[in-house]
Amino acid sequence: MAAPCAEMEPAAPPASAPAAPAAAPGSAGLVCAQGRNLRAVLCQRCGSRVLLPGAATFARRELLLPAMRKKAAAAAAAGGGGDVLREHWLVRDMFSFENVGFTRDVGNVKFLVCADCEAGPIGWHCLDDKDSFYVALERVAHE
């Protein structure tokens, strides 16, 4: 049976579409006044462009992501340890991405990876919510 997405969200209350929260110290210089990304979002490993400036909204939500690995290893290790990440770029349309891949379903979740080098997971997508794709700020670079 598929694991509910809530199991991937430690101590996070159910979130509706978040209003643009104030930028945290780690995101200074990355978020405009409207809460959107000021700079392009890139893969930390290969530099491939994941999102163009203005394509995502800053959001705070606690999500558990497995440790960074290549795509096949990330899917296999999803049940193991990982990192609780709190700052994300929220993308509402999967076609807004310039370059992203998805793992196979892990319960009710697909993890986002770089489509070029398959490094990841860089983000998270719950299959119950077709319009929410989260990219962790700590897992990507910005230019």
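All of these numbers come straight from a predicted model, not from anything done at the bench.

Enquirer: Explain the pattern of salt bridges residue by residue, including any values.
Expert: Evaluation of the coordinates by the stated rule reveals four salt bridges. For Glu-143, the salt bridge goes to Arg-49, with nearest N and O atoms at 2.7 Å. Of the two residues, Glu-143 sits in the segment after β11 (140-142) while Arg-49 sits in strand β2 (residues 49-51), which places them 94 residues apart along the sequence. Looking at Glu-143, the relative accessible area reads 47%, which means it is partly exposed. The salt bridge involving Asp-83 is made with Arg-139; its shortest N-O contact spans 2.8 Å. With Asp-83 in strand β5 (residues 82-91) and Arg-139 in the loop between β10 (133-136) and β11, the pair connects residues that are 56 residues apart, well separated along the chain. Take Asp-83: its relative accessible area is 35%, and that puts it in the partly exposed class.

Enquirer: Describe in detail the side chain of Thr-57, supporting the description with residues and values.
Expert: As for its position among the elements, Thr-57 is in strand β3 (residues 57-66). In this structure Thr-57 touches Gly-35, Arg-36, His-88, Trp-89 and Leu-90, once residues within four positions along its chain are discounted.

Enquirer: Break down the pairing of β3 for me, with residues and values.
Expert: Across the ten residues that make up β3, a large majority, seven, are buried. As paired strands, β3 and β5 are joined by eight bridges and run antiparallel to one another. Note that in β5 the partner of Pro-66 across the bridge is Gly-82.

Rules of the game
Residues numbered from 1 in each chain as written. Predicted model: local features only at pLDDT ≥ 70, side-chain atom pairs only at ≥ 80, totals over all residues. Heavy atoms only, no water. Salt bridge = Lys/Arg side-chain N within 4 Å of Asp/Glu carboxyl O. Helix = DSSP H or I, 4+ residues; strand = E, 2+ residues; numbered from the N terminus. Buried < 20%, exposed > 50% of the residue type's maximum accessible area, 1.4 Å probe, protein only. Contact = heavy atoms within 4.5 Å. Pairing = 2+ DSSP bridges.

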